[in-house]
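This is what each chain is made of:
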Amino acid sequence: MNARNTPSQTEENPTPISFVLDGKDVEAFDGETIWDVAARVGTDVPHLCHCTQAGYRSDGNCRACVVEIEGERVLAASCIRPPSQGMKVSTDSEKAVKARKMVFELLAADQPPRDEHPDPESKFWHWADKLELDAARWPQMRGHENDASHSAMHVNLSACINCNLCVRACREVQVNDVIGMAYRGAGSKVVFDFDDPMGSSSCVGCGECVQVCPTGALMEKSLLNASGTREVFADRSVDTLCPYCGVGCQTEVFVKDDKIVRIDGRDGPANNNRLCVKGRFGYDYIHSGARLTKPLIRREGVAKTTEIKMLDEDFSEHFREATWEEALEKAASGWRAVLDRDGPSAMCGFGSAKGSNEEAYLFQKLVRTGFGTNNVDHCTRLCHASSVAALMEGVGSGAVSAPFMAAEDADCIIIIGARPVVNHPVAATYFKQAVKNGAKLIVMDPRLSSISRHAWKNLQFKPGRDVAMLNAILYTIVEEELYDAQYVQGMTEGFDELKDRIKNYPPEKMAKICGVDADELRAVARMYATSEKSIIFWGMGISQHVHGTDNARCLIAMALTTGQIGRPGTGLHPLRGQNNVQGASDAGLIPMLYPDYQPVENEEIHAKMEDFWGKDLDDKRGLTVVEIINAILDDQIKGMYVMGENPAMSDPDQNHTRQALAKLDHLVVQDIFLTETAWFADVILPATAHAEKDGTFTNTNRQVQMGRKVLEAPGDARQDWEIIQDLARGIGEDWSYDQVSDVFNEMCQIMPSLNHITWERLEREGFVTYPCDTSDGPGNEIVFGDSFPTASGKGRIVPADLVSPDELPDDDYPLVLTTGRLLEHWHTGSMTRRAKILDDLEPEAIACMNARDMDKLGLAAGQRIKVSTRRGEIELVARQDWELPQGMVFIPFCFAEASANLLTNPQLDPFGKIPEFKFCAAKVAAVELLAAE
Amino acid sequence: MATILIHPNQDAEIRGQRKHPGAGRKKASAYNAVRQVDQTSRGEVLALLDGQEIQRDLLIEYLHLIQDRFGALRTRHMTALAEIMKLANAEVYEVASFYAHFLIVDDDTSVVPEVTVRVCDSLSCSLRGAEALRDELTNQHDPKKVRVVRAPCMGRCDTAPVCEVGHRHVDHATPDLVGQTIEGADFHPVIPEYKKFQTYENEGGYALLRSCRAGERTADELIDTLSASKLAGLGGAGFPTGRKWSIVRDFDGPRLMTVNGDEGEPGTFKDRYHLERDPHRFLEGALIAAWSVDVEKIYIYLRDEYPAVLEILKREIEVLHREGLVDPDFIEIRRGAGAYICGEESAMLESIEGKRGLPRHRPPYIAEVGLFGRPTLNHNVETLFWVRDIIQQGADWFSSQGREGSNGFRSFSVSGRVAEPGVKLAPAGISVRDLIREYCGGMEAGHQFKAYLPGGASGGILPERLADIPLDFGGELAAQGCFIGSHAVVILSDQDDMREVGVNLMRFFEDESCGQCTPCRNGTSVAVKLMEREAWDADMLGELSEVMMNASICGLGQAAPNPLLSILKHFPDEVVK
């Protein structure tokens, strides 16, 4: 499986150390401890504080693994002791065996009784059982109150053995820095912050501590009864993937009585056993009573209105249940009617980045071959379309040049317009670890975040002034000749134009515009350019602007001028937002591109695809998400297919979007919940959740991974690929896929990116990174080493000029509104808000503001406020937030009751066609409250 | 019922017309951080830091600044400090709570007492009624104003019982004397008369250092002299000084030097004795060592129980700056905060780095990977104190003293039931019987010699019948399962109960265990419980001692069973019934 981070046996140190273990000659390879060697040769040495997972430092504190070394007075912890040449080690000497047993007895004496224990099957008891202890003779030392204050985790320190693993988990592995080991001696105690209850501490709920705790002192509440004793034991587990962000964590999902009861991280290529709060605790949405279990058809005469009611279980007034036959026929016939009357250009489809590669592929194939149009798009349009536009133009590929773990090799890391601690929490752990290991982190964002504490520099620039700031950096690179002349000469084009155009943007002049001192801008330019290895990560703070493509062009120019790309520890990495946004884009859910980014308007390719699919295809690029909405309002589009997407929440200026959705002649929505978008549907088809299907998913690192079915779908809900196939057949296509792998195999025929990646290989290996050169070797994590996939083979530097945000604050709307996600909620909240723990952690719509702005407006933290823009107004709770600069309001777009996108500006970036979610003018006022008994 | 304010939109929800998918079982938090940093606290902490560049390793110093100014560590100040230092709250809290001298106070509503009275209850003070004194003080004073707490050895065992009121010590303490000190409201240490720079220099001080620096001596020459003198580490381990210098010098620089001034072994007060009388002799020794080993900087780690020494060293190092003998910043004093374990050299390094004082695993040894990961020369105060004299007067001057084949003289800290306790400069290898007779004026009136601790709390206990064996590193003492350690000799008499002595010592280890490893953390606690019983179970205590001695990470846990094993061996009738 994954070979990364596992101790190397041969490659680093070819001359091993010989020593004697229990009378036998053994060899230790580079970095191996006595314990490692013992484990490798099959000698079972007990251990508690030692964890073999990547990132866990040996601590040697519990003394459960002590061994005797000849010539040494005291025993040594084998987990932390490297052997030396000729050393004689006994794991089985009387002294060692006795000491280990006594260690366990002392610890066991302090444990709660086994039948009241938080985890009678824990690692601790596993070893205790083997050692046949007589613990009862020792006096018991201490007891602790249970701490049940956290929504997901239970703390019972009476079962704690002070092994420190949770501290290492929280501080060194996840680097969330919440847990400490406080006090001393027998009073030593695991604490959260200032010995606060876990539930009111700064805990971010990643659950890493729970996963490594060897006793159950820290446990998932889902496994415990009310008094904190474990009573849930899974009957099976399945290796699969997390359904949430683009990191693509591998998971092991534990099931009891057909319910998920617990999720652990596996040693995946992008997570090394780590998970975040969503991935570990946000699974129960699939068991929600609101799941769609039967096809629904809009009742006759029930009009589509723009005021959405969340119906969940209670939809009978608006929709009626139907059989699959009826629903599929109704869906297909509605489309046929539009097609017959208005032709292919009146049709469109929004696919989903949440579904599998196979589903994305089939969806675009249905739209292109069944509807006969290229009007197919998905949420990448709202996320990284501008990044992709700039990357395609600059380096000839929309994907990342290096995985995010490349940060571990970097000397300088720039994170701009991204909040990985919230949106890519597991990726953030690698960034924070890199800083701990000495890398310089530069965070560029108008808002701070918890990663800011780790930064060498925080450039808190003025919102929307990215290009001014980045041009000042490029100016410095050029003016101070920090660029790599040889690289520029051999690997790039367009440098002279940049050199000429950048003259207008000296840091001293840009400082006033972007709000960052010229000295800081120059210092950052020098650090980035002159570090041996620098890498840039960005998110939607870059892309969701009318100048999003320009923003990304600047980042690409930084990398190309300095040669900080194509080597380990360097590169360009737009952090992908959804679990399969990379895969869905690769599979062709893009109006201008066929699978693998082949342009629909290229005659040769068009002909090839017509031939491959055996159908006449639309030869003009299709419309993008916001353009489709506008086209509906312009009476050009009448029929629509939405799968797993929620434009009624996710698209900008929702009054406008919802009017469009209500206006459609025929809308078919395929989803697992009755989403806000489904409210406008004529036919609603119940689909399967991530945990209910097999399929491949491609994460932000270009790692194609296998997702496996954990549970059967509820009720009559069906596999998405089957539904798409049935709908295709309903509009006259003769598809005959028997299983998901058939779809993948078809994709492989026309997608060179999948060369050497087969379904069987993915089933066997779990993941493969593309591009991959051989059928058994690992894929290429780092690309563009010697050329770019552009026509000339060179990277293209494209200068950018300053463009202001579309809607600047003024006297009427004096604040800047920006939108995004919360750690606990994902996308439009359709899944996470139906996950109990996540809903408990972030239960209400909030707007975050700086304390000074709140004071100025006379607002109290926690009070209700009204936020308005020229497009709408919403009411929600004000949160005082030190991360916000003055003059800015942040609203997460996951709350249906106060949908941020009622307020946002639909103005588009001209290249990426992405709306300016990150900037519009807004005002805030207190909401008067009524007195009630 | 209380009137609550409800918004019309919420009203609909309350009546069951849900408008969103969430269950809404809880309310949103009004803040994004659990503990907000308030501007006042940030300002107060910044003012204390006085514009210095923030250093992670100075965390304990910063906590001292806050506590010295505000009487306690309030959470709001710790939150502000964490933010200023870019640390997590837990990182600050775990350090603050590790050290006994920090008083953590929840928030501003808690009352911070005006003064803390620490009552030493280590063996020598306990023999002289420390527990009764503490009880009386507790009863006499309003806890809101006067906080009375127990404390481990303060290094004034010759004047037992001892209290510390604020930073002012009260020797031979009585409730009245302590009461007068509290009323006097001067909680600063009393600075004793000591030999100042000028006098020291006039008597030939710093001539050796100057000659070294002038190239008139070589480091090798110094090392040879020290090796010939047989000077050994007087902190307790007895490692040959000359050899230590060569070892550290052989590792690639930059090297650092630390001075272990955390004299915490109960019964030990000789380092304080020397520093309060002749600080420059120590400083010159340290500077000669630094020169010989070519270190970049000296850190002096001084226990917080010695505030007078702190003041003396600060003043005199300042004088050295003025005299141009030492560059500013070359010597940095770090103040401990109440933790015996920080006398363990690697725990001390952790503490200097601003962390909890947890001993490190060896290998690597600190000579190779020490402070901030660099090769480190670490010395006890007294070891350095003798360097100048040995070099100037020759190896023989030192090595020729000593009895029974031992070399040199030692500063014995003698306390307990003798007529004249105190620091006794006596030949190495002297027997305890001779030490009492020749140096201590015999036993205290009315007491009959029964037993003695040759090396503080951890060096074991021997009966009177073994009072003639030589006191030195190794040798016969070691054969008896004891060690001389820091030469802290506590004399017990017929009036002392060995079970109580044993419990007192084990409680000390329980309190002072860092808590890192199981055998020591749990072992000391279990041992106290078992020893508090009327009758000791020799088998269980034996088994327990074995795991502690064999499997603890550091010397604390490994040596903690020594006294109980000694008692079981030599005084079984008193404990096994």
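Owing to the predicted nature of the structure, the values given are computational and were not obtained by experimental measurement.

**Some details on the overall build of chain A**
Scanning chain A from N- to C-terminus turns up 29 helices and 40 strands. What you see for chain A is a C-alpha radius of gyration of 29 Å, in line with the 30 Å of a compact globule of 933 residues. Of all 933 residues assigned to chain A, the portion counted as buried reaches 67%. Counting only carbon and sulfur atoms, one obtains 46% of the accessible surface of chain A, whose full area is about 30,500 Å². Of the side chains in chain A, 96 bear a positive and 138 a negative charge, and the two mean positions are spaced by 3 Å.

**Some thoughts on the sheet that holds strand β11 (residues 250-256) of chain A**
All names here are of chain A. An order of β10-β11-β12 is seen for the 3 strands of this open sheet, with the pairing classed as antiparallel. Edge positions in the open sheet fall to β10 (236-241) and β12 (259-265), since each of these has one partner strand only. The sheet shows a mean angle of 30° between the axes of neighbouring strands, direction not considered.

**Comments concerning helix α10 (residues 385-395) of chain A**
Note that an α-helix has 3.6 residues per turn; residues three or four places apart therefore point the same way. Residues and elements named next belong to chain A. In terms of burial, α10 is a largely internal element, 8 of the 11 residues being buried. Listed as buried for α10 are Ala385, Ser386, Ser387, Val388, Ala390, Leu391, Gly394 and Val395. At the C-terminal side of α10, Gly396 shows a positive phi close to 80°.

**Some remarks on the interface of chain A and chain B**
Contact with chain A, which involves 81 residues of that partner, is made by 79 residues of chain B. Each partner contributes to the roughly 6,800 Å² buried at the junction of chain A and chain B, and carbon and sulfur atoms together form 54% of this total. Our count for the contact surface shared by chain A and chain B stands at 8 salt bridges. Among the salt bridges present, the one from A:Glu844 reaches B:Lys27, with a minimum N-O distance of 3.2 Å. Broken down by secondary-structure element, the contributors of at least two residues to the side of chain A that touches chain B are α2 (94-109), β7 (179-182), α28 (836-841), β35 (872-880) and β40 (930-932) of chain A. Per-element tally for the side of chain A that touches chain B: the top contributor is α2(A), with 7 residues.

**Details of unusual backbone geometry**
If a residue is not glycine, its phi is most likely negative; likewise, a peptide bond is most likely trans. Of the consecutive residues A:Tyr770 and A:Pro771, the connecting peptide bond is found in the cis state with omega at -5°. Examined against the element boundaries, A:Pro771 turns out to sit in the loop between β30 (767-769) and β31 (795-796). Cis geometry marks the peptide bond from B:Pro363 to B:Pro364; its omega dihedral reads 5°. The phi angle at A:Asp596 is positive, at roughly 60°, despite the residue not being glycine. Residue position: A:Asp596 is located in the loop between β23 (593-594) and β24 (598-599).

**Topic: the pairing of strand β17 (residues 412-416) of chain A**
Residue and element names in this part refer to chain A. Of all 5 residues making up β17, 5 are buried, and the element is well covered by its neighbours. Of the two faces of β17, the one lined by Cys412, Ile414 and Ile416 and the one lined by Ile413 and Ile415 are each fully buried. Pairing analysis gives 5 bridges linking β17 to strand β18 (residues 440-444), with the strands arranged parallel. For Ile414, the partnering residue across the bridge sits in β18 and is Ile442. Here β17 pairs with strand β21 (residues 534-538) via 5 bridges, running parallel. Bridge assignment links Cys412 to a residue of β21, and that residue is Ser534.

**Some words on empty space enclosed by the protein**
Residues and elements named next belong to chain A. Tallied over the full model, the rule gives 17 cavities of 30 Å³ or more. Roughly 500 Å³ of internal volume is contained in the largest cavity. Looking at the largest cavity, it is lined by 33 residues, and the ones nearest its centre are Met540, Gly541, Gln544, Thr819 and Lys918. Take the lining of the largest cavity: its biggest share by element is 3 residues, from strand β32 (residues 815-820). Its residues placed into classes, the lining of the largest cavity shows 12 nonpolar, 15 polar and 6 charged. Lining the second largest cavity are 23 residues, with Lys354, Gly644, Asp671, Ile672 and Thr688 positioned closest to its centre.

**Focus on the confidence of the model for chain B**
Looking at chain B, pLDDT values average 95 and 97% of them are 70 or higher. Here the complex is predicted with pTM 0.96, and the ipTM for its interfaces comes to 0.95.

**Here's the deal with the pattern of salt bridges**
All names here are of chain B. The final tally for this structure, using the stated rule, is 107 salt bridges over all chains. Residue Glu276 is joined to Arg272 by a salt bridge in which the shortest nitrogen-to-oxygen separation is 2.9 Å. Between Glu350 and Arg360 there is a salt bridge whose closest N-O contact spans 2.7 Å. With Glu350 in helix α16 (residues 345-352) and Arg360 in the loop between α16 and β11 (376-380), the pair connects residues that are 10 residues apart, well separated along the chain. Exposure class is identical for Glu350 and Arg360. Each is buried.

**What to know about the pairing of β32(A)**
Residues and elements named next belong to chain A. Counted residue by residue, β32 has 6 buried out of 6 residues, so it is predominantly covered. What you see with β32 is no split at all: Leu815, Leu817 and Thr819 on one side and Val816, Thr818 and Gly820 on the other are buried throughout. Pairing analysis gives 3 bridges linking β32 to strand β39 (residues 920-926), with the strands arranged antiparallel. Residue pairing for β39: Leu817 is matched across the bridge by Cys920. Across 5 bridges, the pairing between β32 and strand β36 (residues 888-892) is parallel.

**A short note on the state of the cysteines**
All names here are of chain B. This structure, assessed with the given rule, holds 0 disulfides over all chains. Its sulfur unpaired, Cys120 is 3.6 Å from the next cysteine sulfur, which belongs to Cys125. The buried category is assigned to Cys120, whose relative accessible area is 2%. Free of any disulfide, Cys520 has its nearest neighbouring cysteine sulfur in Cys517, separated by 5.3 Å. Judged by its relative accessible area of 6%, Cys520 falls in the buried class.

**Some details on the environment of A:Glu72**
Residue and element names in this part refer to chain A. Within the secondary structure, Glu72 sits in the loop between β3 (66-69) and β4 (76-77). Setting aside its immediate chain neighbours within four residues, Glu72 contacts Arg81 and Lys95. A distance of 2.6 Å separates polar atoms of two side chains, one belonging to Glu72 and the other to Arg81.

**Observations regarding the packing of aromatic side chains**
Enumeration according to the criterion identifies 31 aromatic pairs over all chains in this entry. Measuring from centroid to centroid gives 6.4 Å for B:Trp397 and B:Phe398, while their planes differ by 45°, and the two rings are tilted. Through successive ring pairs, a cluster of aromatic residues spans B:Phe385, B:Trp386, B:Trp397, B:Phe398 and B:Phe409. Over the ring of A:Phe890 we find A:Arg447, and its NZ or CZ is 3.7 Å from the ring centre. The cationic tip of A:Arg553 hangs over the ring face of A:Phe911; the distance from NZ or CZ to the ring centre is 4.2 Å.

**Examining the side chain of B:Asp57**
All names here are of chain B. Mapping Asp57 onto the fold places it in the loop between α2 (39-49) and α3 (59-70). Since its relative accessible area comes to 10%, Asp57 is described here as buried. Within the structure, Asp57 has its side chain in polar contact with the side chain of Arg334 (distance 2.5 Å). Not counting residues within four places of it along the chain, the set of residues in contact with Asp57 comprises Arg334, Ile352, Glu353, Gly354 and Phe372.

Procedures and definitions
- Residues numbered from 1 in each chain as written.
- Chains lettered and ligands numbered in written order.
- Predicted model: local features only at pLDDT ≥ 70, side-chain atom pairs only at ≥ 80, totals over all residues.
- Heavy atoms only, no water.
- Helix = DSSP H or I, 4+ residues; strand = E, 2+ residues; numbered from the N terminus.
- Rg over C-alpha atoms; globule rule 2.2 N^0.38 Å.
- Buried < 20%, exposed > 50% of the residue type's maximum accessible area, 1.4 Å probe, protein only.
- Areas by Shrake-Rupley, 256 points an atom, 1.4 Å probe, with all protein chains shown as cover.
- Lys, Arg positive; Asp, Glu negative; His and termini not counted.
- Charge placed at Lys NZ, Arg CZ, Asp CG, Glu CD.
- Pairing = 2+ DSSP bridges.
- Axes fitted to C-alpha atoms, helices over the stretch in contact; angles between N-to-C directions.
- Contact = heavy atoms within 4.5 Å.
- Buried area = accessible area lost by both parts, 1.4 Å probe.
- Salt bridge = Lys/Arg side-chain N within 4 Å of Asp/Glu carboxyl O.
- 1 Å grid on protein atoms, 1.4 Å probe; cavity = no way out; pocket = protein on both sides within 12 Å on 5 of 7 lines; lining within 4 Å.
- Points joined across faces, edges and corners; volume = space filled by probe spheres on them.
- Nonpolar A, V, L, I, M, F, W, Y, C, P; charged D, E, K, R; others polar.
- pLDDT = per-residue confidence, 0-100.
- Disulfide = S-S within 2.5 Å.
- Polar contact = N/O pair within 3.5 Å; in protein donor to acceptor, adjacent residues only side chain to side chain.
- Phe/Tyr/Trp six-rings, centres within 6.5 Å; stacked < 30°, edge-to-face > 60°.
- Lys NZ or Arg CZ within 6 Å of the ring centre and 35° of its normal.

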